[in-house]
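Structural overview
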Amino acid sequence: MLESRYPSPDIAIVTLNRPEKLNALSYELVEQLHETLADIHANNDCRAVVLTGAGRGFCSGLDLTDPNPEAAGRGTEFPRAGMRWQERIAELTTRLQRLRQPVIAAVNGPAYGGGLGIAAACDIRIAGESARFCTQFIKLGIGGADIGVSYTLPRIIGAGPAFDLILTARAIDAREALRLGLVSRLTSDAELLDEALSIARTLCGYGKFGVESTKQVLWANLDAGSLDAALHLENRSQILASTESGMRSADEVLGKR
């Protein structure tokens, strides 16, 4: 259900692999994704992660036909068991955010419901021309805010567009996602993975601590209480990063000799 491979020691490709279900999130797939991300987090050689889907889709959301042992049934046990399952899916967003390595979501086809939630929790999102995005939750008769989208989406595209997409569950195509800023690059489906790997290789060319701390600072400063607090975190991270192996000179950065 989940495929992970390392085209090089410093890059992991994680593929949601239920193409017959458009990579819908089953109980087993959720657990495998948790385990894989935990392994990557502990892998000191891995510097960047590409997350994508097999076949025609990125992820179509929760598989409502999956017999989930945590939330099966109703009655008096359902609220507790259902909450445990709800929290387990939602924890994927915090796991992605807290991963030491930057994660590039290479979105092919639909990213609906939980699929959009997972993509939004990644650090960089790029889209193939077939990509489609929809919050979907409210269409199912439940709340529109789920799997972190009420936090991530307003911060990515702004409150106004996020409220629109979450409340109406309107689907948008790759070009509108690029216009809104939900994705930062748009490419052909055939070139999508190559583009994601190119970004990953760029990140791997920078200092290890510098990249990791930059990811941490970016997420932390989304909630910074003031400019002073944001600057304080930046300053500490810069001094720590400068001790990693020495800063490169301007000539080195510019390719001069």
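Preceding this paragraph is the structure being described.
Residues numbered from 1 in each chain as written. Predicted model: local features only at pLDDT ≥ 70, side-chain atom pairs only at ≥ 80, totals over all residues. Heavy atoms only, no water.

A look at the nonpolar core
Nonpolar side chains in soluble globular proteins tend to be buried together. Counting 46 residues, the largest nonpolar core has Leu 33, Val 49, Leu 51, Phe 58, Val 107, Phe 133 and Leu 182 as the members making the most contacts within it. Looking at this core element by element, the count peaks at 5 residues for helix 1 (residues 27-41). The contacts of Val 107, once residues within four sequence positions are left out, are Phe 58, Ala 119, Ile 126, Ala 127, Gly 128, Ala 131, Phe 133 and Leu 192. Grouped together as the second largest cluster of nonpolar side chains are 14 residues, Ile 11, Ala 106, Leu 197 and Leu 203 included. (Core = buried A, V, L, I, M, F, W, Y, C linked by side-chain atoms within 4.5 Å. Buried < 20%, exposed > 50% of the residue type's maximum accessible area, 1.4 Å probe, protein only. Helix = DSSP H or I, 4+ residues; strand = E, 2+ residues; numbered from the N terminus. Contact = heavy atoms within 4.5 Å.)

Points about unusual backbone geometry
Positive phi outside glycine occurs at Ile 147, with the angle close to 50°. Residue placement: Ile 147 occurs in the loop between strand 7 (132-134) and helix 4 (149-157). Residue Ile 147 is classed as buried on the basis of its relative accessible area of 9%.

Here's the deal with the packing of aromatic side chains
Scanning the entire structure with this criterion turns up 1 aromatic pair. With a centroid separation of 5.5 Å and 40° between ring planes, the pair formed by Tyr 27 and Trp 85 is classed as tilted. Of the two residues, Tyr 27 is situated in helix 1 and Trp 85 in helix 2 (residues 78-98); the sequence distance between them amounts to 58 residues. One Lys or Arg, Arg 155, reaches over the ring of Tyr 151 and ends 3.7 Å from the middle of that ring. (Phe/Tyr/Trp six-rings, centres within 6.5 Å; stacked < 30°, edge-to-face > 60°. Lys NZ or Arg CZ within 6 Å of the ring centre and 35° of its normal.)

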